[in-house]
Amino acid sequence: MKDRLVYWAYALGWAVLKHLPEPVARWLFDRLADYAWRRRGPRVRQLEANLRRVRPGLHEAALRRLSRAGMRSYLRYWMESFRLPVWSRERVLRDVQVGGYERIREALDSGRGVVVALPHMGNWDLAGTWIAQLGHPFTTVAERLKPERLFDRFVEFREGQGMEVLALSGGGANVIGTLARRLRAGKLVCLVGDRDLSEAGIEVSFFGEVTRMPAGPAALAQRTGAALLPATLWYDGPVLRGMIHPEVPVPEEGDRKARTLAMTQAIADVWQQGISEHPQDWHMLQKFWPADLPARETVGGGSAAGRADAAKEPAAGASGT
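Residues numbered from 1 in each chain as written. Predicted model: local features only at pLDDT ≥ 70, side-chain atom pairs only at ≥ 80, totals over all residues. Heavy atoms only, no water.

Novice: I'd like to hear about the sheet that holds strand E4 (residues 163-167), residue by residue, with values.
Specialist: The mixed open sheet is built from seven strands, whose spatial order is E1-E9-E8-E2-E5-E3-E4. Looking at the sheet topology across the chains shown, the edges are occupied by strand E1 (96-99) and E4. The average undirected angle you get between the axes of adjacent strands in this sheet is 25°. Where strand E8 (residues 227-236) lies against strand E9 (residues 239-244), six bridges are found, and the strand directions are antiparallel. Looking across to E9, one finds that Asp 236 is bridged to Val 239. Where helix H9 (residues 175-184) meets the sheet, its contacts fall on strand E2 (114-118), strand E3 (138-142), E4 and strand E5 (188-192), and the angle it forms with E4 comes to roughly 155°. (Pairing = 2+ DSSP bridges. Helix = DSSP H or I, 4+ residues; strand = E, 2+ residues; numbered from the N terminus. Axes fitted to C-alpha atoms, helices over the stretch in contact; angles between N-to-C directions. Contact = heavy atoms within 4.5 Å.)

Laid out in structure tokens, this is it:
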């Protein structure tokens, strides 16, 4: 029953929101964000627990203001994503401004594949639409979830924006092998990879505390010779801004495991800086640090609503094998 309600909630969003005048849609989603923030349910409390790591010196009132801004940013992501299928190319190119794009273009022009690794910041679906509109369709990975038809709707939505979406599991295909083939062919792969969706993540230091991040982006870069480019996204008024950061090189020394660890930590360091500068746009409403997890609980677990939320994230988990 819960899965059915979740599916119809998302289906209603895609069907109805794109027809509302944009000011009305923005007003509605701001009100929904404020309502959820005032109720201070488990996900808002977890957002605040995560933000305490980002801004440890904030007093309670300031933290609450930051979490309110975070909820509005998070609901803005959904409002834009539901309306994205009717956005024109001109609108996308106007409202997305990303620095460092030449790093992607130069690597692709040279024949190298590119792995762009992003955290859950801003609107990664809108950023993906932007890069596809610039002539760079790409491959990504999404966690399979139930109900199956909700996953299918997310795949349909993303493919309509110029993305090739691979299911993390249950698809009968070797996901890592497919990603490696795309990269060896000089193609683009984009992975949202700040949250480990398996138990095989790499331990990194993030805001002074140990957590796990997927090894996939670093492992794929080593395996294929692709350029590994971390990216960050944030909102600036009506504009989604971003930065494609300099390439994370493969270390010359150490075995494969040591190189993967060093590269994943380098990505984490870039993301930490970006999140520090724009904490309200880090959409991490789930448990992220192992210290918050009960024994035997994995980061990818959770309720039906949590599983539905996971569908929006092109996942990089389990890609280090």
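Additional details are given in the paragraphs that follow.
Novice: Can you explain the pattern of salt bridges? Please cite residues and give values.
Specialist: Evaluation of the coordinates by the stated rule reveals 20 salt bridges. Between Asp 34 and Arg 72 there is a salt bridge, and its shortest N-O distance comes to 2.7 Å. Placement of the pair is Asp 34 in helix H2 (residues 22-39) and Arg 72 in helix H4 (residues 60-83), with a sequence separation of 38 residues. In this structure Arg 72 comes out as partly exposed when scored by relative accessible area, which is 26%. The residue Arg 241 makes a salt bridge to Asp 236 at a minimum N-O spacing of 2.6 Å. When salt bridges that share partners are traced, they join Glu 22, Arg 26, Arg 83, Arg 91, Arg 94 and Asp 95 into one network. (Salt bridge = Lys/Arg side-chain N within 4 Å of Asp/Glu carboxyl O. Buried < 20%, exposed > 50% of the residue type's maximum accessible area, 1.4 Å probe, protein only.)

Novice: Can you break down the packing of H9 against helix H10 (residues 216-224) residue by residue, with the values?
Specialist: As a packed pair, H9 and H10 sit with axes 10 Å apart at the nearest point and diverge in direction by 50°. Considering the angle they form, H9 stands oblique to H10. Where H9 crosses over H10, the two elements pack in a sense that is right-handed. Residues Ile 176, Gly 177, Leu 179, Ala 180, Leu 183 and Arg 184 of H9 form the contact with H10, whose participating residues are Leu 220, Arg 223 and Thr 224. The class makeup of the residues in the contact of H9 with H10 is five nonpolar, two polar and two charged. (Parallel < 35°, antiparallel > 145°, perpendicular 65-115°, else oblique. Left-handed = near helix turned anticlockwise from the far one by under 90°. Nonpolar A, V, L, I, M, F, W, Y, C, P; charged D, E, K, R; others polar.)

Novice: Run through the nonpolar core, naming residues and quoting values.
Specialist: In terms of nonpolar packing, the biggest core is built from 86 residues, with Met 71, Ile 104, Phe 206, Leu 228 and Trp 282 touching the most fellow members. In terms of residue count, H4 provides more of this core than any other element does, nine residues in total. (Core = buried A, V, L, I, M, F, W, Y, C linked by side-chain atoms within 4.5 Å.)

Novice: So, the packing of aromatic side chains: which residues are in play, and what are the values?
Specialist: For any pair of aromatic rings, geometry is given as the distance between the ring centres together with the angle between the planes. Taken as a whole, this structure holds 12 aromatic pairs when the rule is applied. Note on Trp 282 and Trp 289: the rings are 6.1 Å apart at their centroids and 80° apart in plane angle, and the pair reads as edge-to-face. Exposure class is identical for Trp 282 and Trp 289. Each is buried. Stacked on the ring of Tyr 235, the Lys or Arg Arg 76 has its end atom at 3.7 Å from the ring centre. Looking at Arg 91, its charged tip hangs above the ring of Trp 87, at a distance of 3.8 Å from the centre. (Phe/Tyr/Trp six-rings, centres within 6.5 Å; stacked < 30°, edge-to-face > 60°. Lys NZ or Arg CZ within 6 Å of the ring centre and 35° of its normal.)

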